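Report on the structure
Single-letter residue listing:
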Amino acid sequence: ITVLIVIISIGVNIKSLASILSVIIGFSITFFINDIFFSLTNISGYSSDNITLISFYLQKNDINNGLITNLSNLVSISIILGSLGVIIDSAVDCSSVTYQLFQMDRKIKLKDLFKRGFNVGGDILAAMIDTLIYIYVGGQLTFLLILPNFNIPIDIMLNYESITIEILRSLIGT
């Protein structure tokens, strides 16, 4: 799907090739980081409302066709899919800017082109990370406003699965 979207949006050219390769590399890195974080945590998946609803429906209707055997995997996949939008956006933006820099000065050294591309990419990612963190905090705002009233120690609070998942979304997504 991603390849088709990039090709339809940009066309078949060097920018789309660079974007697609960047997406593949970014997705691979995100998948690897996601795998590490999920192996270090004990996420059951039951803290997500949608996943709990699906599990309840399957149990109520005695459906066990093997599609959903590990709810933790569903949470993991949802984080990876959420990150994919950031990866695609950043890859296309960086490819486009780098291509435009090359069009302005075809004699530019490859080293300088990469340096400028990475500088722009860093700015794009900084803005994207900021946006994602606000989205994740906004999604948990009610919980975050109420939580301090319970005087729960930070080490216990960080062990709540819903908080852990949001932290993972922020770390993996960015």
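This text gives an overview of the structure that appears in the document. (Residues numbered from 1 in each chain as written. Predicted model: local features only at pLDDT ≥ 70, side-chain atom pairs only at ≥ 80, totals over all residues. Heavy atoms only, no water.)

**Here's the deal with the packing of helix 2 (residues 14-40) against helix 8 (residues 161-173)**
Two numbers describe a pair of packed helices, the interaxial angle and the distance between the axes. Note the cut-off: Note on geometry: axes are lines fitted to C-alpha atoms, helical ones only across the stretch in contact, with angles between N-to-C directions running from 0 to 180 degrees. Starting at the N terminus, helices and strands are each numbered in turn, a helix being any DSSP run of H or I of at least four residues and a strand any DSSP run of E of at least two. Convention used here: angles under 35 degrees read as roughly parallel, angles over 145 as roughly antiparallel, angles from 65 to 115 as roughly perpendicular, and any remaining angle as oblique. Each crossing gets its handedness from the near helix: less than a right angle anticlockwise from the far helix is left-handed, clockwise is right-handed. We call two residues in contact whenever any of their non-hydrogen atoms come within 4.5 Å of each other. Ten residue types, Ala, Val, Leu, Ile, Met, Phe, Trp, Tyr, Cys and Pro, are classed as nonpolar, four, Asp, Glu, Lys and Arg, as charged, and the remainder, Gly among them, as polar.
Between helix 2 and helix 8, the shortest axis-to-axis distance is 10 Å and the interhelical angle comes to 150 degrees. It follows that helix 2 is roughly antiparallel to helix 8 by the angle criterion. The chirality of how helix 2 crosses helix 8 is right-handed. Of the residues in helix 8, those touching helix 2 at Thr30, Ile33, Asn34, Phe37 and Phe38 are Leu168, Leu171 and Ile172. Among the residues making up the contact of helix 2 with helix 8, the classes are represented as six nonpolar, two polar and no charged.

**What about the side chain of Ser95?**
Stated formally: Pairs of N or O atoms within 3.5 Å make up the polar contacts considered here, provided that, within protein, one atom can donate a hydrogen while the other can accept it, and that residues adjacent in sequence are counted only when both atoms are side-chain atoms.
Within the fold, Ser95 resides in helix 4 (residues 71-104). There is a polar contact of 3.1 Å between the side chain of Ser95 and the side chain of Ser19. Polar side-chain contacts of Ser95 include one of 2.7 Å to the backbone oxygen of Ala91. Sequence-distant contacts of Ser95, defined by excluding residues within four places in its chain, comprise Lys15, Ala18 and Ser19.

The values are spatial; any link to function lies outside them.
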